[in-house]
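Residue strings, one per chain:
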Amino acid sequence: MSQPTLSIVCPCYNEEEVIDIFLETITPILKKTQKSYEIIFINDGSTDSTLEVLKRAKESYASIRIINFARNFGKESALTAGLDSSRGEVVVPIDVDLQDPPELIELFLQKWEEGYDVVLAKRANRQSDSFFKRKSANLFYRLHNKISAIEIPNNVGDYRLMSRRVVESLKELPENQRFMKGIFAWVGYPTTTIEYTREPRVAGESSFNGWKLWNFALDGITSFSTVPLRVWLYIGMSISALSFLFGITIIVKTLIFGVDLPGYASMLTVILFLGGIQLMGIGILGEYLGRIYNESKRRPIYIIEGEY
Ligand code: UDP
Ligand code: MG
């Protein structure tokens, strides 16, 4: 097969309801661009009939390739697999639930032809997400960008265009805990941004909620920043300095006013407070240690059961 111009990368996890709608929507748009294309679906260990639906779709759409994972490895791994096997001159990862409007692909290509290697799609508003998700996402971006060496653009998801050389650079990042937003930002290259409105899912349910998002945020921060590790030096120094001052006041007070029996409530508060602080420090150490542990096993990022 010859090299297509455009590779579309679609991670799918339990998406049986949306695949057909997705293909019906995106195909006319891709045809209109008059570029050759391939659509790579990564079935990320779905427990419903996603794989069957994909295989059936392949009979009517020749440009489809299916990568089937041996189990659920998560969206980040699915994206990585898609990038690894993509052959296009440009690659566009897109969610299959049509929350990323495929109409943007034409604009992406225009910008690419103008000479940009990366075209980001920025969500102009996130009305389709819940209040809590919007607020927490905002907080995350602010915190992350404050304490990390690389900046991840606010409200930009995985939906974007990347040129071949960007994808080749991405492949050189060997870590197996993959926080894609960070990894994408890390490689750099000339970048531009276009804005769009994010629609609600056409069908099915989001698999990122509460606890999963919290862990995702932790992953993001620990992947690209060591500030949470270093901050303990300063917390420790401040507390030592304060206790030194406190010690001096006690000595001076004793010399002037004589011996005094301090309350045991304040003692207990200080002990518990410091205990809490120390445990938090150990917890953060543990977070990084766990990452080193996982990384040091050098396991593959995903396992492919088969390609169809
Ligand atoms: N996804 C995946 N593996 C997972 C979870 C999700 O490949 O373990 C895919 C999913 O099929 C969809 C995309 O990642 O194409 C985004 O997921 P979702 O719509 O659930 O997340 P949200 O849009 O709410 O962030
Ligand atoms: Mg979605």
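Right above here is the structure, for reference.
Everything in this summary refers to the structure shown in the same document. (Residues numbered from 1 in each chain as written. Chains lettered and ligands numbered in written order. Predicted model: local features only at pLDDT ≥ 70, side-chain atom pairs only at ≥ 80, totals over all residues. Heavy atoms only, no water.)

Our focus in this paragraph is the sheet that holds strand β1 (residues 6-12). Spatial ordering of the open sheet is given by β7-β5-β6-β4-β1-β2-β3-β8, a layout of 8 strands whose pairing is mixed. Of all the strands in the sheet, just β7 (191-197) and β8 (304-307) have a single pairing partner and so form its edges. Along the sheet, successive strands turn relative to each other by an average axial angle of 20°, direction set aside. Note that strand β4 (residues 90-93) and strand β6 (residues 156-163) share 2 bridges and pair antiparallel. (Pairing = 2+ DSSP bridges. Helix = DSSP H or I, 4+ residues; strand = E, 2+ residues; numbered from the N terminus. Axes fitted to C-alpha atoms, helices over the stretch in contact; angles between N-to-C directions.)

This part takes up the coordination of the magnesium ion (ligand 2). Six octahedral donors around a metal ideally make angles of 90 or 180 degrees; four tetrahedral donors ideally make 109.5 degrees. Within the first shell, the magnesium ion (ligand 2) binds the protein through Asp 97 (OD) and Gln 99 (OE1), at distances of 1.9 Å. For the residue pair Asp 97 and Gln 99, the accessibility class agrees, reading buried in each case. (Donors = N, O, S within 2.8 Å, 3.2 Å for Na, K, Ca; no water. Buried < 20%, exposed > 50% of the residue type's maximum accessible area, 1.4 Å probe, protein only.)

Applying the stated rule across the entire model yields 11 salt bridges. Residues Glu 38 and Arg 65 are paired through a salt bridge, measuring 2.7 Å at the closest nitrogen-oxygen approach. Residue Glu 38 is located in strand β2 (residues 37-43), and its partner Arg 65 is located in strand β3 (residues 64-69); the two are separated by 27 residues in the primary sequence. Of the two residues, Glu 38 and Arg 65, both sit in the buried class. Measuring nitrogen to oxygen at the nearest pair gives 3.4 Å for the salt bridge that ties Glu 168 to Lys 171. Of this pair, Glu 168 and Lys 171 are both found in helix α6 (residues 164-171), 3 residues apart, which corresponds to roughly one turn of the helix. Look at Glu 168 and you get partly exposed, because its relative accessible area is 34%. Judged by its relative accessible area of 35%, Lys 171 falls in the partly exposed class. The network of salt bridges with common partners includes Glu 38, Arg 65 and Arg 87. (Salt bridge = Lys/Arg side-chain N within 4 Å of Asp/Glu carboxyl O.)

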